[in-house]
Amino acid sequence: MPTNAFEKLSKTKKQKLMSDGIEVFSKLKYKQTNVNEITKALGITRTAFYYYFTDKKDFYEYLLYGKR
């Protein structure tokens with residue numbers, strides 16, 4: 001689950017991060033990606049990534065299942 005910080009982002013910012021995240025995982029398999037590649041594609045720092053998500057799995061599951 002994303003953090004409260006992610007939930008407080010604007011709808012536009014969340015949609016961009018999700019869209020860019022889907023693009024990353026559509027090009028590379030889950031095991032082939034790492035947080036550095038994800039953050040580069042999203043245009044955010046590692047610190048910001050971990051501010052929004054616990055880890056790569058958390059981000060991936062949010063992309064697949066959305067808010068639960």
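Residues numbered from 1 in each chain as written. Predicted model: local features only at pLDDT ≥ 70, side-chain atom pairs only at ≥ 80, totals over all residues. Heavy atoms only, no water.

A closer look at the confidence of the model for the protein chain
No. 1: Chain-level pLDDT for the protein chain is 94 on average; 97% of the residues reach the 70-or-more range.
No. 2: Mean pLDDT in the protein chain bottoms out at helix α1 (residues 4–7), which sits at 94, and peaks at helix α4 (residues 46–52), which reaches 97. (pLDDT = per-residue confidence, 0-100. Helix = DSSP H or I, 4+ residues; strand = E, 2+ residues; numbered from the N terminus.)

Points about the environment of proline 2
No. 1: Inspection of the secondary structure puts proline 2 in the segment before α1.
No. 2: Residues proline 2 and tyrosine 65 lie 63 residues apart in sequence; the distance between their C-alpha atoms is 12 Å.
No. 3: Among all residues touching proline 2, those that are not within four sequence positions of it are Glu7, Tyr52, Phe53, Asp58 and Tyr62. (Contact = heavy atoms within 4.5 Å.)

Regarding the packing of aromatic side chains
No. 1: On inspection of all chains with the given rule, the structure shows 13 aromatic pairs.
No. 2: Seen in terms of ring centroids, phenylalanine 25 and tyrosine 60 are 4.8 Å apart; in terms of plane orientation they differ by 70 degrees. Their pairing is edge-to-face. Taken as a pair, phenylalanine 25 in helix α2 (residues 11–27) and tyrosine 60 in helix α5 (residues 56–65) lie far apart in primary sequence, 35 residues in all.
No. 3: A relative accessible area of 26% places tyrosine 60 in the partly exposed class.
No. 4: Relative to tyrosine 62, the ring of phenylalanine 53 lies with its centre 6.0 Å away and its plane at 55 degrees, an arrangement referred to as tilted. Assigned by exposure class, phenylalanine 53 and tyrosine 62 land together as buried.
No. 5: The structure contains a cluster of three or more aromatic residues connected by ring pairs, namely Phe6, Phe25, Tyr30, Phe49, Tyr50, Tyr51, Tyr52, Phe53, Phe59, Tyr60 and Tyr62.
No. 6: The cationic tip of lysine 56 hangs over the ring face of tyrosine 30; the distance from NZ or CZ to the ring centre is 4.1 Å. (Phe/Tyr/Trp six-rings, centres within 6.5 Å; stacked < 30°, edge-to-face > 60°. Buried < 20%, exposed > 50% of the residue type's maximum accessible area, 1.4 Å probe, protein only. Lys NZ or Arg CZ within 6 Å of the ring centre and 35° of its normal.)

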